[in-house]
Amino acid sequence: MPFHNQKILPAARTAKQFERLLESQFEYIVLLEVHISNVKTLKHEADKRCKKLIIHADLIQGLKTDNFAADFLCNDIRPAGIISTRSNMIAKAKAKGIIAIQRMFLLDTIALEKSYSLIKQTAPDFIEMLPGVIPELIEEVQAQTGIPIINGGLIRTKKHIDDALSAGAVAVTTSDHVLWESFAKDINSGNSC
């Protein structure tokens with residue numbers, strides 16, 4: 001299973017965060033809010049440092065989330081994983097052997113039911129549940145779908161992470177560098193390309 005003992009999936013929102021993560025012990029890095037013109041360069045830099053990039057397709061500035069965008073990401077960039085709310089992105093990632101992570105928002109019961117229906121169709125490799133501060137639903141969603149859960153969104157404390165992991169999440173995404181550092185010491189530094 002991907003992520004090995006990496007319980008935190010650090011998410012870079014800025015160039016400075018990305019640079020910091022390239023020097024870290026984390027093997028997997030989530031890329032958020034980047035301009036399309038920088039994606040290839042950032043992927044190349046990650047590859048040089050034996051980092052596996054997970055790209056949040058819906059947050060790439062200047063990129064639609066249509067089938068052409070899915071082809072571009074899967075064929076030209078080839079990240080380790082793609083996060084998206086879009087079924088076409090998930091389907092293309094799965095077809096190309098890229099980790100497919102379906103993003104699921106816990107807004108209300110209707111949104112939860114619609115997400116179950118979509119997930120049944122797309123069968124992603126993982127579900128990223130947001131907001132991540134509702135650990136009570138991790139077990140329910142995992143039981144309902146049979147798909148491993150990654151928690152994210154509004155993760156602000158180590159307790160949020162511990163609660164999510166205790167409730168059954170396989171990992172937690174966060175862009176909070178203080179939280180990255182609290183978990184970095186638990187990672188084996190033997191990353192090899």
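So, here's what we can say about the structure. Bear in mind the structure is a predicted one, so any value in this text is a computation, not a measurement.

**Here we look at the packing of helix H1 (residues 15-22) against helix H8 (residues 177-184)**
- At a minimum axis separation of 12 Å, H1 and H8 run at an interaxial angle of 5 degrees. By the angle class used here, H1 and H8 are roughly parallel. Residue-level contacts link Gln-17, Arg-20 and Leu-21 of H1 to His-177, Trp-180 and Glu-181 of H8.

**Some points on the side chain of Gln-17**
- Its place among the elements puts Gln-17 in helix H1.
- Of the polar contacts made by the side chain of Gln-17, one reaches the backbone oxygen of Ser-175; its length is 2.9 Å.
- For Gln-17, the contacting residues outside a window of four places in its chain are Ala-11, Ala-12, Ser-175 and Trp-180.

**Concerning helix H2 (residues 39-48)**
- Regarding H2, the residues found buried are Val-39, Leu-42, Lys-43 and Ala-46. Angular distribution of buried residues about the axis of H2 spans 100 degrees; they occupy a single face of the element.
- The secondary structure elements touched by the buried residues of H2 are H1, strand E2 (28-31), strand E3 (52-56) and helix H3 (67-77).

**Considerations on unusual backbone geometry**
- A cis amide bond links Leu-130 with the next residue in sequence, Pro-131, at an omega value of -5 degrees.
- Residue placement: Pro-131 occurs in the loop between strand E6 (126-130) and helix H6 (136-145).
- Even without being a glycine, Cys-50 presents a positive backbone phi close to 60 degrees.
- In this fold, Cys-50 is placed in the loop between H2 and E3.

**Topic: the sheet that holds strand E7 (residues 149-152)**
- The strand order E1-E2-E3-E4-E5-E6-E7-E8 describes a closed barrel built from 8 strands, whose pairing is parallel. Pairwise comparison of adjacent strand axes, ignoring direction, gives a mean angle of 25 degrees for this sheet.
- In this sheet, E2 lies alongside strand E1 (residues 8-12) in parallel orientation, the contact comprising 2 bridges. Paired with Ala-12 across the two strands is Leu-31, which belongs to E2.
- The strands touched by helix H5 (residues 109-122) are strand E5 (99-105) and E6; relative to E5, the strand with the most contacts, the crossing angle is about 165 degrees.
- Against the sheet, helix H7 (residues 158-166) touches E1, E7 and strand E8 (171-174), its axis set at about 150 degrees to E8.

Conventions used here
Residues numbered from 1 in each chain as written. Predicted model: local features only at pLDDT ≥ 70, side-chain atom pairs only at ≥ 80, totals over all residues. Heavy atoms only, no water. Axes fitted to C-alpha atoms, helices over the stretch in contact; angles between N-to-C directions. Helix = DSSP H or I, 4+ residues; strand = E, 2+ residues; numbered from the N terminus. Parallel < 35°, antiparallel > 145°, perpendicular 65-115°, else oblique. Contact = heavy atoms within 4.5 Å. Polar contact = N/O pair within 3.5 Å; in protein donor to acceptor, adjacent residues only side chain to side chain. Buried < 20%, exposed > 50% of the residue type's maximum accessible area, 1.4 Å probe, protein only. Arc of directions from axis to C-beta. Pairing = 2+ DSSP bridges.

Without other data, these values stay purely geometric and don't point to any function.
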